[in-house]
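Reading the structure
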Amino acid sequence: MNARNHLSTKVLGLVVSIVVPTLAACGGGSSTPLTVSDFCLQKATAECNGVAGLCSITTKDCETTREAACMSFVATVNVAPRVFVPGNVAACVNKTKSVYAESLIKPADLDAVADVCNYVFQGPALDLTACTTKYDCKNAKDICDKGECAAPTNVAAGAQCANFGAVCPTTQYCNAVGAAMMCVAKGALAAACSATAPCDATKMLTCGAAGTCVMQSATGGACTTNADCLAAAPYCNPYAGNKCGTGLTFSAASASCAAFSGSATGTAGAGGGTAGASGDSAADATGTAGASGSDASTTDASTTDAADAATTG
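Since this is a predicted model, take the numbers as computed values, not measurements.

1. Some thoughts on the pairing of strand β7 (residues 172–177)
- With six bridges connecting them, β7 and strand β8 (residues 180–185) associate as antiparallel partners. Paired with Ala-176 across the bridge in β8 is Met-181.
- Taking the residues between adjacent antiparallel strands as the criterion, β7 and β8 are bridged by two residues, where Gly-178 takes a positive phi near 65 degrees.

Okay, here's the thing in structure tokens:
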């Protein structure tokens, strides 16, 4: 064998020794399927990467706490007809990572995380088949309206809204008027209200404890859900005694950090991800997330206010 052929043989052998193990590592069709536990670990890692240092806690403690929170979330959403969809995990983890990298996390950001992460557990319901939440629907663009999966369709003020998917204007909701379903005005100040008869938030109103429409709270005001807070202070912070504030920040010894280290004292906002999942009800058919806009188990601790450290230490 001449020198050139000998060299070629050695090079070929080197290439094979590199490529074959690499292909085996990639796994192809025989790779280990992603599990729910894998999902929760990835979700916890995405949250803790930007939080552990700010909170002066170890990454391990943070991840252990957030994995447990994620598994609690899984227990509430991994129910028929919804099933674990590994293909939707990456979108949830990536969204979580980007949001938790922000210096101030607003409720709308947490709504977005809750929404995409709920789709990790998605149902197979086709259009015009039964649902209790939009996450039961196979088509992620559908809402769950009047108990059926349907594509949202905007209708005019005062129009009929009996069709599945009919969405009334922001200031109205779908309600029975005689034998018809019509878009009617949301409640004005002091009007009677309920979960199915909302108040007009564009007029800075929310449904009060007494069942009548009252003014939303300003910064530091009492609240139960985000819907109780003015747009300038849109987050109802359970870690600051259920007070309205601007959003989430982390600092050592704050209540938000406590929830990431296993010593949390607060609870998730009342209208978290599970409620948000059905925020497309027949009463309002808007397809929006619930009032607190946070995942009830995986983002509860992450939705505290910037004033948290000062007010709750």
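2. Comments concerning helix α6 (residues 107–118)
- Taking 1.5 Å of rise per residue, the 12 residues of α6 would be expected to cover 16 Å, and the 16 Å separating its terminal C-alpha atoms lies within 8% of that figure.
- The set of residues buried in α6 consists of Pro-107, Asp-109, Leu-110, Val-113, Ala-114, Cys-117 and Asn-118. Along α6, the residues classed as buried sweep out an arc of 160 degrees about the axis, all on the same side.

3. So, the packing of aromatic side chains
- Counted according to the given criterion, the structure contains six aromatic pairs.
- Taking 4.6 Å as the distance between ring centres and 75 degrees as the angle between the ring planes, the aromatic pair formed by Tyr-119 and Tyr-135 counts as edge-to-face. Taken together, the residues span a long stretch of sequence, with Tyr-119 in the loop between α6 and β2 (121–122) and Tyr-135 in the loop between β2 and β3 (143–145) at a distance of 16 residues. Across this residue pair, the class does not change: Tyr-119 and Tyr-135 are buried.

4. Regarding the state of the cysteines
- Following the criterion strictly, the structure yields 12 disulfides and no others.
- Bridging Cys-161 to Cys-174, the disulfide has an S-S length of 1.9 Å. Negative torsions about the S-S bond denote left-handed disulfides, and the value of about 95 degrees found for Cys-161 with Cys-174 makes this one right-handed. Of this pair, Cys-161 sits in the loop between β5 (153–154) and β6 (166–167) while Cys-174 sits in strand β7, and the two are 13 residues apart along the sequence. Residues Cys-161 and Cys-174 agree in their burial class; the two are buried.
- Residue pairing for Cys-229: its cysteine sulfur links by disulfide to Cys-244, the two sulfurs lying 2.1 Å apart. Residues Cys-229 and Cys-244 are joined by a disulfide whose S-S torsion is about -85 degrees; by sign, that bridge is left-handed. Of this pair, Cys-229 sits in the loop between β10 (213–215) and β11 (235–237) while Cys-244 sits in strand β12 (residues 243–245), and the two are 15 residues apart along the sequence. Cys-244 carries the same exposure label as Cys-229, and that label is buried.

The rules behind these values
Residues numbered from 1 in each chain as written. Predicted model: local features only at pLDDT ≥ 70, side-chain atom pairs only at ≥ 80, totals over all residues. Heavy atoms only, no water. Pairing = 2+ DSSP bridges. Helix = DSSP H or I, 4+ residues; strand = E, 2+ residues; numbered from the N terminus. Expected span 1.5 Å × (residues − 1). Buried < 20%, exposed > 50% of the residue type's maximum accessible area, 1.4 Å probe, protein only. Arc of directions from axis to C-beta. Phe/Tyr/Trp six-rings, centres within 6.5 Å; stacked < 30°, edge-to-face > 60°. Disulfide = S-S within 2.5 Å.

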